[in-house]
Protein chains: 2
Amino acid sequence: MAPLAGVERFSRAVFLASGADEATADAATRAMLHASRLGVDSHGIRLLDHYVTAIAGGRVNGRPTLRFEEDGGAVCRLNADHAHGALATYRAMDRAIELADRFGIGAVSIRDSSHFGAAGAYALHAAGRGFIGLAVCNSDSFVRLHDGASRFHGTNPIAFGVPVSGDNPWLLDMATSAIPYNRVKLYESLARPLPEGTASDAHGIDTTHPSEAEMLAPLGAAFGFKGAGLAGLVEILSAVLSGMTLSFDILPMGGPDMATPRGLGAFVLAMKPGAFVPEETFNAGMARYLEGLRTSPARAGTQVLAPGDREWQVAALRDRDGIPLDPATLQAFHRFAERHGIPLPFEE
Amino acid sequence: MAPLAGVERFSRAVFLASGADEATADAATRAMLHASRLGVDSHGIRLLDHYVTAIAGGRVNGRPTLRFEEDGGAVCRLNADHAHGALATYRAMDRAIELADRFGIGAVSIRDSSHFGAAGAYALHAAGRGFIGLAVCNSDSFVRLHDGASRFHGTNPIAFGVPVSGDNPWLLDMATSAIPYNRVKLYESLARPLPEGTASDAHGIDTTHPSEAEMLAPLGAAFGFKGAGLAGLVEILSAVLSGMTLSFDILPMGGPDMATPRGLGAFVLAMKPGAFVPEETFNAGMARYLEGLRTSPARAGTQVLAPGDREWQVAALRDRDGIPLDPATLQAFHRFAERHGIPLPFEE
């Protein structure tokens with residue numbers, strides 16, 4: 001386990017030593033630490049090595065010039081100059097919040113961005129400032145359509161964060177696929193069968209054998225047209241509304257081409273609760289909703305949780321104990337420490 | 001089968017004869033005909049009898065005074081004076097479109113509304129005018145939480161419509177439950193087992209026996225936290241952001257109390273594509289996305305469809321052949337015809 005503050009310092013130093021500017025180092029580190037802290041390790045600090053490689057290769061611009069284009073309304077466009085997706089998206093959400101503070105609502109479409117990590121980071125950013133936040137992004141194809149037999153959409157996440165007075169925000173961060181691709185890989189290594197209706201073989205036929213899984217199913221199993229529809233909503237907001245690349249045209253995240261920018265779009269939206277209803281009414285409504293939810297009867301042996309509750313529990317533990325580093329990430333940390341002379345953030 | 005135009009005239013005449021004003025008669029009829037035309041019969045003309053009863057009982061105000069409250073931003077609040085939900089929501093979407101035309105985006109929270117029928121009607125209304133439209137509404141509790149053992153959320157639909165140049169709009173209209181409650185009732189009458197993971201017994205345990213189904217499961221089966229999270233998103237936008245009634249506090253749609261207004265909230269949002277990206281870029285993006293989708297390989301014996309495609313196929317048939325009337329609705333039509341001296345819209 002490595003302490004969060006130490007990992008944060010280490011990550012920033014690695015970005016700076018790799019040629020990234022301060023803003024990139026800060027934003028990318030913050031997004032990864034968001035995920036690591038809340039237990040979303042797939043999008044956590046393990047991505048440091050990938051991001052540094054993408055900057056070194058030229059896919060991601062480590063010293064970008066971000067340009068906002070506005071027409072005086074409640075929306076604007078961000079040309080991200082192939083920035084790290086976290087820098088582009090935090091900046092876009094900041095602008096959406098400013099617009100929402102003035103107009104009640106604000107939205108920003110982002111063009112020429114790159115992988116932004118966990119969508120929840122940006123929804124939470126808004127909620128932490130007292131705004132409702134939405135963040136979506138499409139990604140390279142992994143998920144079949146309903147009745148489809150090839151990869152079509154990305155896992156196209158939807159994140160939605162809502163401020164809760166005196167408590168952690170309500171935070172939903174979900175892929176529109178039935179399961180994450182990393183889960184398939186995990187079950188393969190554990191030799192466990194997959195849940196029904198979550199992955200398909202090369203013919204689009206459902207399989208519970210991880211080794212046969214060629215694509216993910218959309219959320220909803222027999223009603224997968226809903227998951228596919230939600231993935232489409234994300235695709236339209238992220239890629240069509242920004243004029244960027246559709247999932248089936250996006251270069252694979254893992255390479256081998258790490259030089260060509262991937263042309264990712266994304267979309268963020270913020271709303272000011274007080275523009276719709278008196279703030280005390282909003283706060284009372286969220287409190288009553290969450291109390292009703294958390295005291296709702298559970299199935300035997302289970303517990304009912306609000307979106308984000310599990311993540312806040314993990315965050316409390318990790319604030320105390322630090323975050324786990326998988327073997328490949330540990331190895332990368334050692335390599336960075338040696339290459340750049342940066343002290344490791346844990347005792348060996 | 002009854003021709004659409006005739007049913008439309010009949011429905012309007014019944015509303016007017018029942019004391020509703022022109023605006024209510026128009027909007028409620030239009031929303032029901034939207035559903036009947038697209039094959040969503042649960043929300044179609046069969047609701048006429050229910051709506052007239054609700055107006056007669058006082059639950060719904062057939063001659064409301066709608067009041068918009070604005071602060072000059074891109075959002076506003078609609079006090080619907082317990083209007084029919086269709087009137088309130090069409091008006092709200094019209095206002096959202098005006099705001100989006102000016103600010104790029106516009107949102108309206110609706111208070112003191114009532115049942116609005118198919119959410120897709122309002123998303124389609126926006127798309128038909130060249131705007132991206134979102135409409136959501138919570139409803140009385142039918143759906144358990146993930147790991148929950150009691151009804152908590154309503155079926156809380158999400159509708160999203162997107163204009164497509166030279167083609168029908170892209171239209172998603174989905175409940176956030178695994179299946180509609182009407183499907184359970186249908187399968188019960190057909191003595192067919194339910195799909196896995198769609199309904200639960202009184203203890204929240206999954207059942208495939210329709211007669212044991214006490215509540216619906218949230219979309220996602222083993223990953224039902226996603227469906228429950230989306231239902232929560234709808235709940236927050238519809239009820240919390242309007243200061244209205246949460247699902248678990250809403251009076252049952254079916255009565256017996258048809259006198260007390262139900263205090264429903266709803267939320268609509270519109271966006272102007274041209275505010276985010278040149279219109280020709282947007283149109284080209286939608287065309288490429290839909291072409292990719294519709295030519296994507298399908299599983300053997302199936303066809304890949306975009307959201308709305310199945311509905312447009314049904315609409316084409318029903319434009320030609322008319323809409324089916326179930327026995328109870330047919331009976332109600334005869335009752336209305338006799339009571340008010342209105343000619344039936346079909347030959348007997």
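Residues numbered from 1 in each chain as written. Chains lettered and ligands numbered in written order. Predicted model: local features only at pLDDT ≥ 70, side-chain atom pairs only at ≥ 80, totals over all residues. Heavy atoms only, no water.

> I'm lost on the overall build of chain A in this one. Help?
Across its full length, chain A holds 10 helices and 11 strands. Whereas a compact globule of 348 residues would reach a radius of gyration of roughly 20 Å, chain A reaches 20 Å, a difference of no more than 12%. Its C-alpha atoms give chain A principal-axis dimensions of about 55 × 50 × 45 Å. Counting all 348 residues of chain A, 60% fall into the buried class. Put simply, 65% of the contacts in chain A that link residues at least 6 apart link residues at least 24 apart. Carbon and sulfur atoms make up 50% of the accessible area of chain A, which amounts to about 12,900 Å² in all. Put simply, chain A has 30 plus and 38 minus side-chain charges, and the middle of one group is 2 Å from the middle of the other. (Helix = DSSP H or I, 4+ residues; strand = E, 2+ residues; numbered from the N terminus. Rg over C-alpha atoms; globule rule 2.2 N^0.38 Å. Buried < 20%, exposed > 50% of the residue type's maximum accessible area, 1.4 Å probe, protein only. Contact = heavy atoms within 4.5 Å. Areas by Shrake-Rupley, 256 points an atom, 1.4 Å probe, with all protein chains shown as cover. Lys, Arg positive; Asp, Glu negative; His and termini not counted. Charge placed at Lys NZ, Arg CZ, Asp CG, Glu CD.)

> Just to check I follow, could you spell out the sheet that holds strand 4 (residues 132–136) of chain B for this structure?
Within a sheet, adjacent strands bond to each other through the backbone by hydrogen bonds, running parallel or antiparallel. Residues and elements named next belong to chain B. The strand order across the open sheet formed by 7 strands is 1-2-3-11-4-7-8, and the pairing between neighbours is mixed. The sheet is open, and its two edges are formed by strand 1 (67–70) and strand 8 (170–174), each paired on a single side. Neighbour-to-neighbour, the strand axes of the sheet open up by a mean angle of 15°, direction not taken into account. As paired elements, strand 7 (residues 158–162) and strand 8 share 5 bridges and run antiparallel to each other. In the strand pairing of strand 8, Phe160 is matched with Leu172. Each of strand 4, strand 7 and strand 8 is contacted by helix 5 (residues 120–128), which is oriented at about 20° to strand 7, the strand it contacts most. (Pairing = 2+ DSSP bridges. Axes fitted to C-alpha atoms, helices over the stretch in contact; angles between N-to-C directions.)

> What is the right way to look at the relation of the copies chain B and chain A in this model?
Superposing chain B onto chain A takes a rotation of 180° plus a shift of 0.0 Å along the axis, which leaves an RMSD of 0.0 Å. Such a combination of rotation and displacement between the chain copies is what one expects of a two-fold axis. Taking the C-alpha atom as reference, chain B places Gly220 of chain B closest to the rotation axis, 2.3 Å from it. In this assembly the copies share their binding face: 100% of the residues contributing to the interface of chain B also contribute to that of chain A. (Least-squares fit on C-alpha atoms with pLDDT ≥ 70 in both.)

> Help me out: how do you make sense of the confidence of the model for chain A in this one?
In low-pLDDT segments, the atomic positions of the prediction should not be examined closely. Scored by pLDDT, chain A has a mean of 96; 100% of the residues are at 70 or more. Note on the complex model: pTM 0.97, ipTM 0.97. (pLDDT = per-residue confidence, 0-100.)

> Would you explain the interface of chain B and chain A in this entry?
Interface size, as often reported, equals the accessible area lost upon joining of the parts. Taken together, the 79 residues of chain B in the interface contact 79 residues of chain A. Together, the buried faces of chain B and chain A total about 6,300 Å²; carbon and sulfur atoms form 73% of this surface. At the junction of chain B and chain A, the tally comes to 6 salt bridges. Between Arg299 of chain B and Asp147 of chain A there is a salt bridge; the shortest N-O distance is 3.6 Å. Looking at the side of chain B that touches chain A, the elements that each hand over two or more residues are strand 2 (75–79), strand 3 (105–113), strand 6 (151–153), strand 7, strand 8, helix 7 (224–240), strand 11 (264–271) and helix 8 (279–294) of chain B. Among the elements that make up the side of chain B that touches chain A, the one with the highest residue count is helix 7 of chain B (10 residues). For the side of chain B that touches chain A, the class distribution of residues is 46 nonpolar, 22 polar and 11 charged. (Buried area = accessible area lost by both parts, 1.4 Å probe. Salt bridge = Lys/Arg side-chain N within 4 Å of Asp/Glu carboxyl O. Nonpolar A, V, L, I, M, F, W, Y, C, P; charged D, E, K, R; others polar.)

> When you look at the side chain of Arg59 of chain A in this model, what are you seeing that I'm missing?
Residues and elements named next belong to chain A. Along the chain, the position of Arg59 falls in the loop between helix 3 (47–57) and strand 1 (67–70). Salt bridges are absent for the buried Arg59, whose nearest opposite-charge side chain, Asp257, sits at 6.0 Å. Arg59 has contacts with His50, Ala54, His82, Pro252, Met253, Gly255, Asp257, Met258, Ala259, Thr260, Pro261 and Arg262, leaving out every residue within four places of it along the chain.

> Is there a simple way to think about the sheet that holds strand 8 (residues 170–174) of chain A in this case?
All names here are of chain A. Spatially, 1-2-3-11-4-7-8 is the arrangement adopted by the 7 strands of the open sheet, whose pairing is mixed. Looking along the sheet, the strands with just one partner apiece sit at the ends: strand 1 and strand 8. Within the sheet, the average angular offset between the axes of one strand and its neighbour, ignoring direction, is 15°. Contacts from helix 4 (residues 85–103) reach strand 1, strand 2 (75–79), strand 3 (105–113), strand 4 (132–136) and strand 11 (264–271), with the element oriented near 160° to strand 3.

> Can you walk me through the packing of helix 2 (residues 22–38) of chain B against helix 5 of chain B in this structure?
In a packed pair of helices, the relevant descriptors are the angle between the two axes and the axis-to-axis distance. All names here are of chain B. Direction vectors running N to C along helix 2 and helix 5 enclose 95°, while the axes themselves pass 9 Å from each other. Between helix 2 and helix 5, the crossing angle belongs to the class labelled roughly perpendicular. Here Arg30, Ala31 and His34 of helix 2 lie close against helix 5, whose contacting residues are Gly120, Ala121, Tyr122, Leu124 and His125. Residues that form the contact of helix 2 with helix 5 fall into these classes: 4 nonpolar, 3 polar and 1 charged. (Parallel < 35°, antiparallel > 145°, perpendicular 65-115°, else oblique.)

> When you look at helix 10 (residues 327–340) of chain B in this model, what are you seeing that I'm missing?
Structural remark: α-helix, 3.6 residues per turn; residues separated by three or four positions point the same way. All names here are of chain B. The end-to-end C-alpha separation of helix 10 is 20 Å, in line with the 20 Å expected for 14 residues at 1.5 Å each. Buried within helix 10 we find Thr329, Ala332, Phe333, Phe336 and Ala337. Looking straight down helix 10, one finds its buried side chains confined to an arc of 135°; they lie on one side. Turned more than 90 degrees away from the buried face of helix 10, the exposed residues are Pro327, Gln331 and Glu338. Buried residues along helix 10 sit in contact with helix 1 (4–17) and helix 3 (47–57). One side-chain oxygen at the N-terminal end of helix 10 lies 3.2 Å from the backbone nitrogen of Ala328; it belongs to Asp326. Downstream of helix 10 by a residue or two, Gly341 has a phi angle that is positive, lying close to 65°. (Expected span 1.5 Å × (residues − 1). Arc of directions from axis to C-beta. Polar contact = N/O pair within 3.5 Å; in protein donor to acceptor, adjacent residues only side chain to side chain.)

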